[in-house]
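# Observations on chain architecture
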Amino acid sequence: METKRSTTYRKTFFKNTRPAIANRYFCTYCGRLLKEKDVTVDHLYPINVAQKSRRLRKKLKRKGITDINDIQNLVPACKKCNSRKGKRMGIWILRGKLGRHKAYWIARHGIRLMAFAIIMIMLLQTLNNAEIIHF
């Protein structure tokens, strides 16, 4: 298994991955929309962990990944998330797997927007009721 960082992994990512919405990519970890120039291409399974862990290399091989720079192991990330993730795995892998899917972010952002709208409506109704009582 190849576990060294390729000099062309970023190029490979953009060649094989289309933007999610209007020439923007979702950060796999936080959902922020990014222009191509702002995307840091992250190795979902970290290079240095794969280099040290025979167990991880076997797991990747079972998934059909024989090169750490395989497109299956590359995800778009914002600089903040990529920096925070570093060589961590755990919950970051789960977030990365979910965050690869455009539908996940659309649903998540939609739910947040609806929740915000409901709270605003309730707040406005409360304010209207309070004004009626005081007059």
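Here is a short report on the structure shown in this document. (Residues numbered from 1 in each chain as written. Predicted model: local features only at pLDDT ≥ 70, side-chain atom pairs only at ≥ 80, totals over all residues. Heavy atoms only, no water.)

## Things to note about the overall build of the chain
Applied cut-off: Helix and strand definitions follow DSSP, with helices as H or I runs of at least four residues and strands as E runs of at least two, each counted in order from the N terminus. Only C-alpha atoms enter the radius of gyration; for comparison, a globular chain is expected to reach 2.2 Å times N to the power 0.38, where N is the number of residues. The buried label goes to any residue with under 20% of its type's maximum accessible area, the exposed label to any with over 50%, and the partly exposed label to all in between, with areas taken from a 1.4 Å probe on protein chains only. Note on definitions: a residue-residue contact is assigned when non-hydrogen atoms from the two residues lie within 4.5 Å.
In terms of helices and strands, the chain carries 6 helices and 4 strands. Mapped from its N terminus to its C terminus, the chain presents α and β elements in the order α-β-β-β-α-α-β-α-α-α. In terms of overall dimensions, the chain is more spread out than a globule: its C-alpha atoms have a radius of gyration of 20 Å, far above the 14 Å expected for 135 residues. The dimensions of the chain, computed from C-alpha atoms along their principal axes, are 75 × 30 × 25 Å. Considering the chain as a whole, with its 135 residues, one finds that 31% of them fall into the buried category. Sequence-distant contacts, at least 24 apart, represent 73% of the contacts inside the chain between residues at least 6 apart.

## Focus on a nonpolar patch on the surface
This is how it is decided: Exposure above 30% relative accessible area and the lack of any salt bridge qualify a residue for a patch; like charges then connect within 9 Å, and the nonpolar side chains Val, Leu, Ile, Met, Phe, Trp and Tyr within 5 Å. Using a 1.4 Å probe, accessible areas were evaluated by the Shrake-Rupley method; residue-level cover was limited to the displayed protein chains. By definition here, a salt bridge exists when the distance from a side-chain nitrogen of Lys or Arg to a carboxyl oxygen of Asp or Glu is within 4 Å.
A surface patch of nonpolar side chains, amounting to about 590 Å² of accessible area, comprises Leu 113, Phe 116, Met 120, Leu 123, Leu 124 and Leu 127. Note on placement: Leu 127 falls in helix 6 (residues 102-134).

## Quick word on the environment of Ile 91
Structurally, Ile 91 is set in helix 5 (residues 91-99). Judged by relative accessible area, which is 52%, Ile 91 ranks as exposed. Spatially, the C-alpha atoms of Ile 91 and Thr 17 are 23 Å apart, while their sequence positions differ by 74 residues.

## Description of helix 1 (residues 9-16)
In plain terms, the rule: Working note: the arc is built from the helix axis to C-beta atom directions.
When helix 1 is considered as a whole, its buried residues turn out to be Tyr 9, Phe 13 and Phe 14. Taken around the axis of helix 1, the buried residues stretch over an arc of 130°, which confines them to a single face. Across from the buried face of helix 1, at angles greater than 90 degrees, the exposed residues are Lys 11 and Lys 15. For helix 1, the elements touching its buried residues are strand 1 (24-26), strand 3 (40-43) and strand 4 (74-77).

## Things to note about the nonpolar core
In globular proteins that are soluble, nonpolar side chains generally tend to be buried together. Condition: By convention a nonpolar core is built from buried Ala, Val, Leu, Ile, Met, Phe, Trp, Tyr and Cys residues, the set being connected through side-chain atoms within 4.5 Å.
Grouped together as the largest cluster of nonpolar side chains are 25 residues, with contacts concentrated most on Cys 27, Tyr 29, Val 41 and Leu 60. Elements supplying a minimum of two residues to this core: helix 1, helix 2 (47-52), helix 3 (54-62), strand 4 and helix 5. The residues touching Val 41, leaving out its near neighbours within four places in the chain, are Tyr 9, Arg 10, Phe 13, Phe 14, Leu 74, Val 75 and Asn 82.

## Structural notes on the pattern of salt bridges
Under the defined criterion, the tally for this structure stands at 2 salt bridges. Note that Asp 38 and Lys 37 form a salt bridge whose closest N and O atoms lie 3.5 Å from each other. Classification of Lys 37 as exposed rests on a relative accessible area of 63%. Residue Lys 85 is joined to Asp 42 by a salt bridge in which the shortest nitrogen-to-oxygen separation is 3.2 Å.

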